[in-house]
Structures are given as structure tokens and as C-alpha cells.
Amino acid sequence: GAGVSQSPSNKVTEKGKDVELRCDPISGHTALYWYRQRLGQGLEFLIYFQGNSAPDKSGLPSDRFSAERTGESVSTLTIQRTQQEDSAVYLCASSFKTSGVGAYGYTFGSGTRLTVV
Amino acid sequence: AQSVTQLGSHVSVSEGALVLLRCNYSSSVPPYLFWYVQYPNQGLQLLLKYTTGATLVKGINGFEAEFKKSETSFHLTKPSAHMSDAAEYFCAVSRSTGNQFYFGTGTSLTVIP
């Protein structure tokens, strides 16, 4: 597609439930990133996929968080047993280059606003 | 290690006035620097970036920023604020060989009519 597509745009879930967030990157973008943006805070890096290499999971806050990506296609971020502190906007971004990405920048999706009640 | 500090979480300016949003960074290697804008309920949009070359960078919507190595700063400016500039602005840094950005906490810009 023309841009990075995320779904759903909004998700309200009950505490303790599992949620799955989807990101469809720009076609041909080999790198894909997930960030979390809590209210009034900056973006927090979660995970990075680079082609078929092992992902960089260093930003995942707990083992309740996991993400998958098959090849250079769609990625899903799963949060198990959601907690109220998981409430945030989850942003996905993709990039053409897999290294030195700073020179190329990211294209961000519009995010999924997750509210845990 | 990289980090970004944005001074002022909220900035208010009158329509037509100068916009100045401050960003300072720390980086162990020469950085790439970026400003992103986020309008309500939207994703981040790239305003401008500095990688190499000219230190004064011009971006979209009349914004510009100047990389000052001696001050480790990359402040964002616009000569005359417009109502449509009201948004959240994020400064970010990346290493030239890095694979992720490090974002500041953002500055919310309000434009007063």
C-alpha cells in the first residue's frame, strides 16, 4: 500500500484479556518497528524486525509482550493478560533500509489506541 | 548512547509569532537528527532531517532547524506561526549506522489566535 496501515485504530479491552495489534508496512520496506506512546510521554522503542534476521526485542517491557513478522510482510504485536499500564498508542513504522536507517527515516502508521479498562 | 532532551513540554505562541522548539541531544558518534510532527489521532510525519552537509535544514510547512555541533542542539523554528501548526513535535536522533530512533518526550505547540 501507499502507507503503513495499522488495525484496529482503537481498541478497548478488559484487564486480563489478550489483544493483537496489526501492522501492514509499505511494500518493499525490509525493516519494521513497533513503538509505544503513553499519554504525555515520548515514543518508547519496543521491537525491531530486519528482513529474516532475528528481531531486536530489547525494548519489550515484559514477557506479556510478543511480536511476529513473517518475512517482509505484516507484523502482529500481541499483549497477553493486559494491564491498565498497557494503555497507550502503539505505533508501527517501516523503513526501506535495514542498516543506517537514520539516513532514510521511518514512515509511521497512524497507530492503535489501546485502552485497558 | 544516544538521548534527546526537549525543553518545554508545552509551548504557546500567538498566530504570526516566531515558533522556537528546543532540542538538545547527546550522542557518542555523529548523529542524524530529525523532527517529526504528530497531529491529533495521527501518526508521526517527518518534518525535516539533518544527516550531513549544510547545517541549516529546511523542511515542510515553512519549518527549519539548525544543527549546532558545539551546542549539541537542533532547535526547530518557523518565522510565523499558523493555526494549523498546533500539534505535538518530536525531536529524534539516530546513529548513522543505527537501526532505531531515540525520541524526545515531545513538545505540544499551541497557537493562539
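This text goes with the structure placed above it.
Residues numbered from 1 in each chain as written. Chains lettered and ligands numbered in written order. Predicted model: local features only at pLDDT ≥ 70, side-chain atom pairs only at ≥ 80, totals over all residues. Heavy atoms only, no water.

Trainee: Where do I start with the overall build of chain A in this structure?
Mentor: If you tally the helices and strands in chain A, you get zero helices and 10 strands. Along chain A, helices (α) and strands (β) appear in the sequence β-β-β-β-β-β-β-β-β-β when read from the amino end. Over its C-alpha atoms chain A spans a radius of gyration of 13 Å, differing by no more than 12% from the 13 Å that the globule rule assigns to 117 residues. C-alpha extents for chain A along the principal axes are approximately 40 × 25 × 25 Å. The buried share of chain A, reckoned over its 117 residues, is 49%. Taken as a whole, chain A presents about 5,400 Å² of accessible surface, with 43% of it coming from carbon and sulfur. (Helix = DSSP H or I, 4+ residues; strand = E, 2+ residues; numbered from the N terminus. Rg over C-alpha atoms; globule rule 2.2 N^0.38 Å. Buried < 20%, exposed > 50% of the residue type's maximum accessible area, 1.4 Å probe, protein only. Areas by Shrake-Rupley, 256 points an atom, 1.4 Å probe, with all protein chains shown as cover.)

Trainee: What is the right way to look at the sheet that holds strand S7 (residues 75-79) of chain A in this model?
Mentor: Strand-to-strand pairing in sheets goes through backbone hydrogen bonds, with the strands running parallel or antiparallel. Residue and element names in this part refer to chain A. With respect to topology, four strands assemble into an open sheet ordered S1-S3-S7-S6, the strand pairing being antiparallel. Lying at the two open borders of the sheet, with one neighbouring strand each, are strand S1 (5-7) and strand S6 (65-69). On average, adjacent strands in this sheet sit at an angle of 15 degrees to one another, irrespective of strand direction. Direction of pairing for strand S3 (residues 19-24) relative to S7: antiparallel, over a ladder of five bridges. Paired with Cys 23 across the strands is Ser 75, a residue of S7. (Pairing = 2+ DSSP bridges. Axes fitted to C-alpha atoms, helices over the stretch in contact; angles between N-to-C directions.)

Trainee: What should I look at first to understand the pairing of S6(A) in this one?
Mentor: Each regular strand shows side chains that alternate between the opposite faces of the sheet. Residue and element names in this part refer to chain A. With burial as the criterion, only one face of S6 is covered, namely that bearing Phe 65, Ala 67 and Arg 69; the residues Ser 66 and Glu 68 on the opposite face remain uncovered. Both S6 and S7 contribute to a ladder of five bridges, which runs antiparallel. In the sheet register, Ser 66 faces S7, and the bridge partner there is Thr 78. Between S6 and the antiparallel strand that follows it, S7, lie five residues; Gly 71 among them carries a positive phi value of about 60 degrees.

Trainee: Looking at this model, I keep getting lost on the nonpolar core. Mind explaining?
Mentor: Generally speaking, a soluble globular protein has its nonpolar side chains buried in company with each other. Counting 27 residues, the largest nonpolar core has B:Trp35, B:Leu48, B:Leu76 and B:Tyr89 as its most contacted members. Elements with a contribution of two residues or more to this core: strand S2 (10-14), strand S3 (19-21), strand S5 (31-38), strand S6 (44-50), strand S8 (64-68), strand S9 (73-78), strand S10 (87-95) and strand S12 (107-112) of chain B. The greatest single-element share of this core, amounting to four residues, is contributed by S10(B). The residues touching B:Tyr89, leaving out its near neighbours within four places in the chain, are B:Gln6, B:Leu21, B:Trp35, B:Tyr36, B:Val37, B:Leu47, B:Phe63, B:Leu76, B:Gly106, B:Thr107 and B:Leu109. A:Cys23, A:Trp34, A:Ala67 and A:Cys92 belong to the second largest nonpolar core, which has 20 residues in total. (Core = buried A, V, L, I, M, F, W, Y, C linked by side-chain atoms within 4.5 Å. Contact = heavy atoms within 4.5 Å.)

Keep in mind these values describe shape, not function.
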